[in-house]
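Breakdown of the fold
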Amino acid sequence: MKNAALNKTLVIAEKPSVAQDIVRALAPTAGKFEKHDEYFESEGYIVSSAVGHLLEIQAPEEFDVKRGKWSFAHLPVIPPYFDLKPVEKTRTRLNAVIRLAKRKDVTELVNACDAGREGELIFRLIEQYAGSEKGGKTTPLGKPVRRLWLQSMTPQAIRDGFAQLRSEKQMQGLADAARSRSEADWLVGINGTRAMTAFNSRDGGFFLTTVGRVQTPTLSVVVEREEQIRKFISRDYWEVHASFRAEAGEYPAKWFNPAHKRDADDAEKKADRVWSQQEAQAIADAVRGQPASVTEESKPTTQASPLLFDLTSLQREANGKFGFSAKTTLSIAQSLYERHKALTYPRTDSRALPEDYVPVARQTFEMLAGSPMKHLAPHAATALKGNYIKPSKRIFDNAKVSDHFAIIPTLQAPHGLSEAEQKLYDLVARRFMAVFFPSAEYLVTTRISAALGHSFKTEGKVLVRPGWLAIYGKEAADEVADAKDGDKGQSLVPVKPGEMVSAETVEPKGLKTRPPARYSEATLLGAMEGAGKTIDDDELREAMQEKGLGTPATRAAIIEGLINEKYMLREGREMIPTAKAFQLMTLLRGLG
């Protein structure tokens, strides 16, 4: 039995803070850990960590051409295999992890890097580098590997993860995808960048022009929108706004043409728009002071809460509500997951929960109901009392859960959050509760006031039962009571059956058609997520389906990269492409 103690499992986390969390979680069952400079050691475990990526792929020396010789003659560079190159600033950490992996008493490795494609790559490259290499032939380390797959960072979740380690075979698909992505990025990025740089430097000098597999298509989306804005020619149009007097008071309305049909060639043509001032004035003058008959139709409608958050929808919501950049939202969500253990794994593209998660959801409501968060606790208590937490395909659906499920609160109530962390936590907690609450119920009334052959429409929307909107309180009421003249929003002055009303004021209002809006980070994330829908080639469109540009985990970095490379500026909430971006796109189109 004494010999068994010599066999140790090396656990490699992605960053030191996670290694510490693993040690804390394992200590009650694995015994005391001794702290060393680069690792922790107990009788059966050694726990160490990378610091993000410790290695990069590179073309072997004999197949590569360095900067001085960048020219079309040397392109494309497609090496038969890739070498690994240590990241200089973390070389000592890499050496320490490799030493541990090669220790005789280490008989098994556990990959505890982040549970996603990038974490898989970080570990696999370390494992590859730990093997011995001669002339492109790698002798693997040859020690069995298992995978720790975490959905949340609470100590219990870590212990559960160690009780259900995944096999190397189970992870092979993800590992292959990670390598393919990494090598595709290198091939497109290096060759594209060298080709564009060589082209731009052909008259002397060195003009670095970066190109990327995801970065460049994303930039083209932004440039195309800017081109549409620049080409846009604004047109004048008029709306006719009226105020009708009934016995019970006045109500607003807007002229519309009931015979209007959608014009496929001109999206600006709408039922309530008049394209000449004379016509608008003539309608106003004809109807002013005239009696009008009223017909109205009321029908109940319901509005379900939006789905649970995945990372992209959370980034979009936080950008719209708080102006957080995608990068800021990801780092706050990561901190709430890693440091505070308050949210589940954030880098997810799923908006559903596993079907066996109903009891956990109920426990989460119990945690929220008992928490000191006064703005959340009463709603959680309402849900528990009303038995709202039950199975529903809209929330619990295994077919819609990929490597990870939607972002929800963990069973750990958070303490000591910063203002930004609290805002994001509240966003997730409210959405989590909202999906279990009943739909909001409205009564929507459409009233048509007709005078001298002209029709005026008024729409009223009255909240009958708030349902999930109660969780958002005043904020949601404001969103509903968006009382623009004649639009949905106001509760209407009643009109008796058969009552004639009179047109008190009727005025034309001059307006201009507006160009499409520039992308904000929220709308750009949406465009990246839905990219591919506009591709003409059927096969390519099929390949892009449900994938879009980038992954939830990388979209923020892509946007930041474009800003850092001076291809885009962030002005307020708008993303504006620079002259450098237009130059690159013109060049690429010319080459295409």
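This structure is a prediction, so every number in the text was calculated from the model and none was measured. (Residues numbered from 1 in each chain as written. Predicted model: local features only at pLDDT ≥ 70, side-chain atom pairs only at ≥ 80, totals over all residues. Heavy atoms only, no water.)

Strands in a sheet are paired, the pairing made by backbone hydrogen bonds, and the direction either parallel or antiparallel. Read around the closed barrel, the six strands follow the order β12-β13-β16-β15-β14-β17; overall the barrel is antiparallel. Neighbour-to-neighbour, the strand axes of this sheet turn through a mean angle of 35 degrees, independent of strand direction. In this structure, strand β14 (residues 291-303) lies alongside strand β17 (residues 501-512), joined through two bridges in antiparallel fashion. From the neighbouring strand, A292 faces β17, where its bridge partner is V501. Lying on the sheet, helix α7 (residues 277-287) is in contact with β12 (236-246), β13 (249-256), β15 (440-451), β16 (454-465) and β17; it crosses β17 at an angle near 170 degrees. (Pairing = 2+ DSSP bridges. Helix = DSSP H or I, 4+ residues; strand = E, 2+ residues; numbered from the N terminus. Axes fitted to C-alpha atoms, helices over the stretch in contact; angles between N-to-C directions. Contact = heavy atoms within 4.5 Å.)

Here the focus is the layout of surface pockets. The space that makes up the second largest pocket amounts to roughly 760 Å³. Lining the second largest pocket are 29 residues; nearest its centre among them are Q151, A157, D160, Y357 and F405. For the lining of the second largest pocket, the secondary structure elements donating two or more residues are α4 (155-163) and α10 (358-369). When grouped by side-chain class, the residues that make up the lining of the second largest pocket number 11 nonpolar, 13 polar and five charged. (1 Å grid on protein atoms, 1.4 Å probe; cavity = no way out; pocket = protein on both sides within 12 Å on 5 of 7 lines; lining within 4 Å. Points joined across faces, edges and corners; volume = space filled by probe spheres on them. Nonpolar A, V, L, I, M, F, W, Y, C, P; charged D, E, K, R; others polar.)

The next point concerns the pattern of salt bridges. All told, the structure shown has 42 salt bridges when counted by the stated rule. The shortest N-O distance in the salt bridge between R181 and E118 comes to 2.8 Å. One end of the pair, R181, is in helix α5 (residues 172-200); the other, E118, is in helix α3 (residues 117-130), and 63 residues separate them in sequence. Of the residues examined, R181 reaches a relative accessible area of 15% and is grouped as buried. E118 sits in the partly exposed class, given a relative accessible area of 30%. Through salt bridges that share partners, K8, E41, R103 and D105 make up one connected network. (Salt bridge = Lys/Arg side-chain N within 4 Å of Asp/Glu carboxyl O. Buried < 20%, exposed > 50% of the residue type's maximum accessible area, 1.4 Å probe, protein only.)

Turning our attention to a nonpolar patch on the surface. A cluster of nonpolar residues, L443, V462 and V464, forms a patch on the protein surface that exposes about 220 Å² of accessible area. Inspection of the secondary structure assignment puts V464 in strand β16. (Patch = residues over 30% accessible without salt bridge, like charges linked within 9 Å, V, L, I, M, F, W, Y side chains within 5 Å. Areas by Shrake-Rupley, 256 points an atom, 1.4 Å probe, with all protein chains shown as cover.)

Let's shift gears to unusual backbone geometry. Omega for the bond connecting L75 with P76 falls within 30 degrees of zero, at -5 degrees, which places this linkage in the cis form. Positionally, P76 belongs in the loop between β5 (55-58) and β6 (83-86). The backbone phi angle of N387 is positive, close to 55 degrees, even though this residue is not glycine. On the secondary structure map, N387 appears in the loop between α11 (377-385) and α12 (419-434). You will see that L452, though not glycine, has its phi angle at about 50 degrees, which is positive. For L452, the position within the fold is in the loop between β15 and β16.

Turning our attention to the nonpolar core. L353, L368, L424, Y425, F432 and F436 are the most contacted members of the largest nonpolar core, which totals 49 residues. Considering each element in turn, this core owes the most residues, eight residues, to α12. Of all hydrophobic cores here, the second largest spans 30 residues; its members include I12, I46, I126 and V145. (Core = buried A, V, L, I, M, F, W, Y, C linked by side-chain atoms within 4.5 Å.)

A few words on the sheet that holds strand β7 (residues 106-112). As summarised here, the arrangement of the seven strands in space is β2-β3-β4-β1-β7-β10-β11, forming an open sheet in which the pairing is mixed. At either end of the open sheet lies a strand with only one pairing partner, and these are β2 (34-35) and β11 (166-167). With five bridges joining them, strand β1 (residues 8-13) and strand β4 (residues 45-49) adopt parallel strand pairing. Paired with I12 across the two strands is S48, which belongs to β4. Lying on the sheet, helix α2 (residues 91-102) is in contact with β1, β3 (39-41), β4 and β7; it crosses β4 at an angle near 160 degrees.

Two strands pair when backbone bridges link them, and strand β18 (residues 568-571) and strand β19 (residues 574-577) are joined in this way by four bridges, in the antiparallel orientation. For L569, the partnering residue across the bridge sits in β19 and is I576. Hairpin connection of β18 to β19: two residues between the antiparallel strands, including G572 at a positive phi of 60 degrees.

Note that every value here comes from positions in space, so none of it alone points to a role or purpose.
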